[in-house]
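Structural characterization, general
Spelled out, the chains give:
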Amino acid sequence: MLTPLDDEFFMKKALEEARTAFDKGEIPVGVVVAVKNKIIARGHNLTEILNDVTAHAEMQAITAAANYLGGKYLRDCTMYVTLEPCQMCAGALYWSQLSKLVYAANDLQRGYRTMGAQLHPKTQVKSGILEKEASELLKRFFVQKRNLN
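Residues numbered from 1 in each chain as written. Predicted model: local features only at pLDDT ≥ 70, side-chain atom pairs only at ≥ 80, totals over all residues. Heavy atoms only, no water.

- The name that an unreviewed UniProt entry assigns to the chain is tRNA-specific adenosine deaminase, with the source organism given as Autumnicola tepida.
- You can read under Catalytic activity (unreviewed entry) in the UniProt record for the chain the words "adenosine(34) in tRNA + H2O + H(+) = inosine(34) in tRNA + NH4(+)".
- The record held by UniProt for the chain lists under Subunit (unreviewed entry) the comment "Homodimer." (UniProt positions renumbered as here; feature names shortened; annotations may be inferred.)

Quick look at the sheet that holds strand β3 (residues 78-83)
- Strand order in the open sheet formed by five strands is β2-β1-β3-β4-β5, with mixed pairing between adjacent strands. Two strands bound the open sheet, and with one partner strand each, they are β2 (38-44) and β5 (124-127). Going from strand to strand, the sheet's axes swing by 15° on average, the running direction of each strand aside.
- Across four bridges, strand β1 (residues 30-35) lies against β3 in antiparallel orientation. If you follow V33 over to β3, its bridge partner there is M79. (Pairing = 2+ DSSP bridges. Helix = DSSP H or I, 4+ residues; strand = E, 2+ residues; numbered from the N terminus. Axes fitted to C-alpha atoms, helices over the stretch in contact; angles between N-to-C directions.)

Section: the nonpolar core
- Counting 37 residues, the largest nonpolar core has M11, V33, M79, Y80 and L101 as the members making the most contacts within it.
- Contacts of M79, omitting those with residues within four sequence positions, involve V31, V32, V33, E58, A61, I62, L93, L98, K100, L101 and V102. (Core = buried A, V, L, I, M, F, W, Y, C linked by side-chain atoms within 4.5 Å. Buried < 20%, exposed > 50% of the residue type's maximum accessible area, 1.4 Å probe, protein only. Contact = heavy atoms within 4.5 Å.)

Some points on the state of the cysteines
- Overall, the coordinates contain zero disulfides when judged by the stated rule.
- Looking at C86, it has no disulfide partner, and the nearest cysteine sulfur is the one in C89, 3.8 Å off. (Disulfide = S-S within 2.5 Å.)

Quick word on helix α4 (residues 87-96)
- Along α4, the residues classified as buried are C89, A90, A92, L93 and S96. The arc enclosing the buried residues of α4, seen along the axis, measures out at 160°, which places them on a common side.
- Of the surrounding secondary structure, the elements contacted by the buried residues of α4 are α3 (57-69), β3, β4 (100-105) and α5 (112-115).
- Residue Q97 follows α4 closely and has a positive phi angle near 60°. (Arc of directions from axis to C-beta.)

Some details on the pattern of salt bridges
- In total, this model carries five salt bridges according to the counting rule given.
- Here D7 makes a salt bridge to K126, at a shortest N to O gap of 2.8 Å. With D7 in helix α1 (residues 7-23) and K126 in strand β5, the pair connects residues that are 119 residues apart, well separated along the chain.
- With relative accessibility at 12%, the residue D7 sits in the buried group. (Salt bridge = Lys/Arg side-chain N within 4 Å of Asp/Glu carboxyl O.)

Okay, structure coming up:
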């Protein structure tokens with residue numbers, strides 16, 4: 001029998017994806033989707049590389065998880081993301097019927113809660129897991145970006 005892995009374990013994996021985005025010059029947001037203690041999808045922001053405003057980490061992971069599962073619904077899945085999803089991603093998560101969302105840092109300017117977006121009524125939400133690490137990576141990215149301009 002598998003020992004349940006904790007939220008911090010999976011959030012560390014999402015932070016690895018965020019660091020990959022950082023290294024590519026993307027806003028450092030990373031995500032993993034897990035079901036039954038297994039990571040079935042990973043993603044990070046690709047908006048600059050793909051020149052696509054919809055290429056957020058969550059959107060990449062929703063598509064990858066749906067492909068893995070062979071269906072569009074992410075029931076019984078947990079998404080771990082380093083930043084609170086925006087309203088676009090929240091809408092996609094709503095339609096995917098994600099069971100649980102765990103995010104690290106709040107996005108007080110563009111997060112789904114600030115923008116008035118909603119998740120599916122059955123989606124459980126937990127926040128603040130490794131918030132400091134995720135916030136520091138985001139701050140470092142934007143300081144670096146300002147210094148280059």
